[in-house]
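# Examination of the molecular architecture
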Amino acid sequence: MTVSKTAEKSSEKPGDAAKGRKDAAEAQPEALQLGELSEQLGYVLKRAQLKVFENFLRCMASLQLTPAQFSVLLLVEKNPGRNQTEIASTLGILRPNFVAMLDNLESRDLCARIRSTNDRRSHILVLTDKGKAVLTRAKKLVATKHESRLNELLGQSNREALIGMLSKIANEF
């Protein structure tokens with residue numbers, strides 16, 4: 001037997017339609033079936049990266065640092081006197097994007113570009129005193145809030161194995 005929409009509605013009591021809309025709004029839709037996509041390593045890596053970056057941004061909200069900015073500050077700290085091309089290349093950041101990021105970091109007085117004495121076309125990067133202080137705070141937040149959450153989720157041996165596997169992909173693929 002087929003029932004038309006008008007027949008269904010006419011049999012509803014006053015208030016039933018509103019209740020039905022409320023129930024439908026509260027009901028969670030069934031999750032989409034991913035099929036083969038759930039077995040694609042690239043897809044799973046990207047979903048994991050998004051979750052990790054979301055957590056990182058929450059942890060760094062007070063310092064307003066992105067994962068890329070944090071990485072730049074770390075490399076500048078560990079490699080004093082290196083030029084911006086080397087830092088950008090190591091992190092895989094395109095030149096125009098890197099210049100914009102450095103402009104932002106410089107405007108916040110976290111790092112400075114200094115013309116190289118060896119090659120006047122090149123700039124070396126240094127952390128400012130404020131940059132050093134912010135990086136110290138950022139490292140503490142990353143260790144206590146971000147990385148500790150990942151460690152709790154994975155455990156030490158799985159963490160080490162995952163880093164090894166991801167490093168293999170990054171270096172050899």
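For the structure, see preceding data.
The structure contained in this document is the topic of the report that follows. (Residues numbered from 1 in each chain as written. Predicted model: local features only at pLDDT ≥ 70, side-chain atom pairs only at ≥ 80, totals over all residues. Heavy atoms only, no water.)

## Brief notes about the overall build of the protein chain
The following threshold applies: For helices the rule is a DSSP run of H or I covering at least 4 residues; for strands it is a run of E covering at least 2, with both sets numbered from the N terminus onward. Each residue gets one of three labels from its accessible area relative to the maximum for its type: buried under 20%, exposed over 50%, partly exposed in between, using a 1.4 Å probe on protein chains only. The Shrake-Rupley method, run with a 1.4 Å probe sphere, supplies the accessible areas, and residue values consider only the shown protein chains as cover.
When its secondary structure is counted, the protein chain shows eight helices and two strands. When burial is assessed residue by residue, the protein chain has 21% of its 173 residues classed as buried. Carbon and sulfur atoms make up 56% of the accessible area of the protein chain, which totals about 12900 Å².

## A look at helix α4 (residues 67-78)
Condition: Expected span, for any helix, means 1.5 Å times one less than how many residues it has. Two residues qualify as a contact provided that any one of their heavy atoms is within 4.5 Å of a heavy atom in the partner residue.
With 12 residues, α4 extends 17 Å between its outermost C-alpha atoms, agreeing within 8% with the 16 Å of an ideal straight helix rising 1.5 Å per residue. Regarding α4, the residues found buried are P67, Q69, F70, V72, L73, L75 and V76. The elements touched by buried residues of α4 are α3 (41-59), α5 (84-91), α6 (95-107), β2 (123-127) and α7 (129-154).

## Focus: the pattern of salt bridges
Put simply, the rule is: The salt bridge criterion pairs a side-chain nitrogen of Lys or Arg with a carboxyl oxygen of Asp or Glu, the two atoms within 4 Å.
What the rule picks out here adds up to six salt bridges. One salt bridge in this structure joins E86 and R82, with 2.9 Å as the shortest N-O distance. Residue class for E86 comes out partly exposed when judged on its relative accessible area of 31%. Between R159 and E147 there is a salt bridge; the shortest N-O distance is 2.6 Å.

## Comments concerning the packing of aromatic side chains
To keep it simple, the criterion reads: When two rings of Phe, Tyr or Trp (its six-membered ring) have centres within 6.5 Å they constitute a pair, described as stacked for plane angles under 30 degrees, edge-to-face for angles over 60, and tilted for the intermediate range.
Counted under the stated rule, the structure contains one aromatic pair. When the centroid spacing of 5.6 Å and the interplanar angle of 55° are considered together, the rings of F56 and F70 count as tilted. Of this pair, F56 sits in helix α3 while F70 is found in helix α4, placing the two residues 14 residues apart along the sequence. Given the relative accessible area of 9%, F70 is considered buried.

## Observations concerning the nonpolar core
Applicable threshold: Side-chain atoms within 4.5 Å are what join buried Ala, Val, Leu, Ile, Met, Phe, Trp, Tyr and Cys residues into a set we call a nonpolar core.
Ranked by size, the top nonpolar core spans 25 residues in total, and within it M60, L63, L65, V72, L73, F98 and L105 carry the most contacts. Of all elements in the fold, only α4, α5, α6, β2 and α7 reach the threshold of two or more residues within this core. Excluding its chain neighbours within four sequence positions, the residues that come into contact with L65 are F56, L57, M60, L73, R108, L110, V134 and A138.

## Some points on the packing of α5 against α6
Applied cut-off: Axis lines are fitted to C-alpha atoms, over the contacting stretch for helices. Their N-to-C directions set the angle, which ranges from 0 to 180 degrees. Angles below 35 degrees are treated as roughly parallel, those above 145 as roughly antiparallel, those between 65 and 115 as roughly perpendicular, and all remaining angles as oblique. Each crossing gets its handedness from the near helix: less than a right angle anticlockwise from the far helix is left-handed, clockwise is right-handed. Put simply, Ala, Val, Leu, Ile, Met, Phe, Trp, Tyr, Cys and Pro go in the nonpolar bin, Asp, Glu, Lys and Arg in the charged bin, and everything else, Gly too, in the polar bin.
Where α5 meets α6, the closest approach of the two axes is 10 Å, and the angle between their N-to-C directions is 115°. Compared by their axis directions, α5 and α6 come out roughly perpendicular. Helix-helix and strand crossings are classified by hand; for α5 and α6 the assignment is right-handed. Residues Q84, T85, I87 and A88 of α5 form the contact with α6, whose own contacting residues are R95, F98, V99 and L102. A per-class count over the contact of α5 with α6 returns five nonpolar, two polar and one charged.

## A word on the packing of α4 against α5
Running from N to C, α4 and α5 cross one another at 125°; their axes reach a closest spacing of 10 Å. In terms of their interaxial angle, α4 and α5 are classed as oblique. Handedness of the crossing formed by α4 with α5: right-handed. Of α5, the residues touching α4 (which contributes S71, V72, L75 and V76) are I87, T90 and L91. A per-class count over the contact of α4 with α5 returns five nonpolar, two polar and no charged.

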